[in-house]
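Coordinates in review
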Amino acid sequence: SGSGKTLLCLLLASWARQREIKLQSFKIGPDYLDPQQLSAVSKRPCRNLDIIMCGSKWVKDSFYEFGGSADLALVEGVMGLFDGLGSSEEGSTADVARLLELPVILIVDARGQAASLAALVRGFRDQDPQLELAGVVLNHINSSRHKNLLEDVLAGIGVKVLGCLPNNPHLDLPSRHLGLAPAHEINNLEKRIEVWATIAESNLDIATFRT
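Here's what I pulled together on the structure shown here. (Residues numbered from 1 in each chain as written. Predicted model: local features only at pLDDT ≥ 70, side-chain atom pairs only at ≥ 80, totals over all residues. Heavy atoms only, no water.)

Overview of the sheet that holds strand E1 (residues 23-28)
Spatial strand order, E2-E1-E3: three strands in an open sheet with parallel pairing. With partners counted over all chains shown, the strands left at the sheet margins are strand E2 (47-49) and strand E3 (72-76), one partner each. Neighbour-to-neighbour, the strand axes of the sheet open up by a mean angle of 30°, direction not taken into account. The pairing of E1 with E3 spans five bridges and is classified as parallel. Note that in E3 the partner of Lys27 across the bridge is Glu76. (Pairing = 2+ DSSP bridges. Helix = DSSP H or I, 4+ residues; strand = E, 2+ residues; numbered from the N terminus. Axes fitted to C-alpha atoms, helices over the stretch in contact; angles between N-to-C directions.)

Notes on the environment of Ile193
As for its position among the elements, Ile193 is in helix H8 (residues 189-203). Between the C-alpha atoms of Ile193 and Pro129, which are 64 residues apart in sequence, the distance is 36 Å. Once residues lying within four places of it in the same chain are set aside, the contact partners of Ile193 are Ser14, Arg17, Gln18 and Val41. (Contact = heavy atoms within 4.5 Å.)

Re the pairing of strand E4 (residues 104-109)
Note that E4 and strand E5 (residues 133-141) share six bridges and pair parallel. Bridging across to E5, Ile105 finds its partner in Gly135. Note that the unit made of E4, helix H6 (residues 116-127) and E5 has a crossover that is right-handed. (Right-handed = clockwise from strand over helix to strand, strands pointing away.)

Focus: a nonpolar patch on the surface
Taken together, Ile52, Met53 and Leu85 make up a surface patch of nonpolar side chains, about 320 Å² in accessible area. Relative to the helices and strands, Ile52 is located in helix H3 (residues 51-54). (Patch = residues over 30% accessible without salt bridge, like charges linked within 9 Å, V, L, I, M, F, W, Y side chains within 5 Å. Areas by Shrake-Rupley, 256 points an atom, 1.4 Å probe, with all protein chains shown as cover. Salt bridge = Lys/Arg side-chain N within 4 Å of Asp/Glu carboxyl O.)

What follows is the structure, given as structure tokens:
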């Protein structure tokens, strides 16, 4: 939580919107604020995927029905990758990824990170061999030197970097005590979508995200 999952999804949804690509977004769990924002950007209702409340069959049926009507499907996780009900993984992002056989993109808050990043990412990668870690997006990169350093660190453990998001005021999302603010409280949303699409194009490996 707080690493930038919603931000990354909004960037990708903005990129798809600007290129008139139909993107169906999903949100794991019962959250409603993140889906509001993804719905507003993509112009398609974001659908929740909640194994605990709705069951595995419903989650699979919903994903394939709504995702099948779009060009691309994008699933935003919930909390940390393995955080589920209580101390278990039930209902977690990993649980849904296994159920739907989806690759996982890990987004990491890279502030203050150097060689220790390898230990963090290796832990997530090796926790469950059933999961496919397609790559990592690094958030809060403060310089080219920082970016190059962290790319070298992850190359050392064979993990692909799919993007580096800079410290940028355009990437600040309004928030409240419950988390993100509702979509209607985002000022100048259409202008933000243009900026977010440009940032996505410049800082993310879009080709890999599309595969």
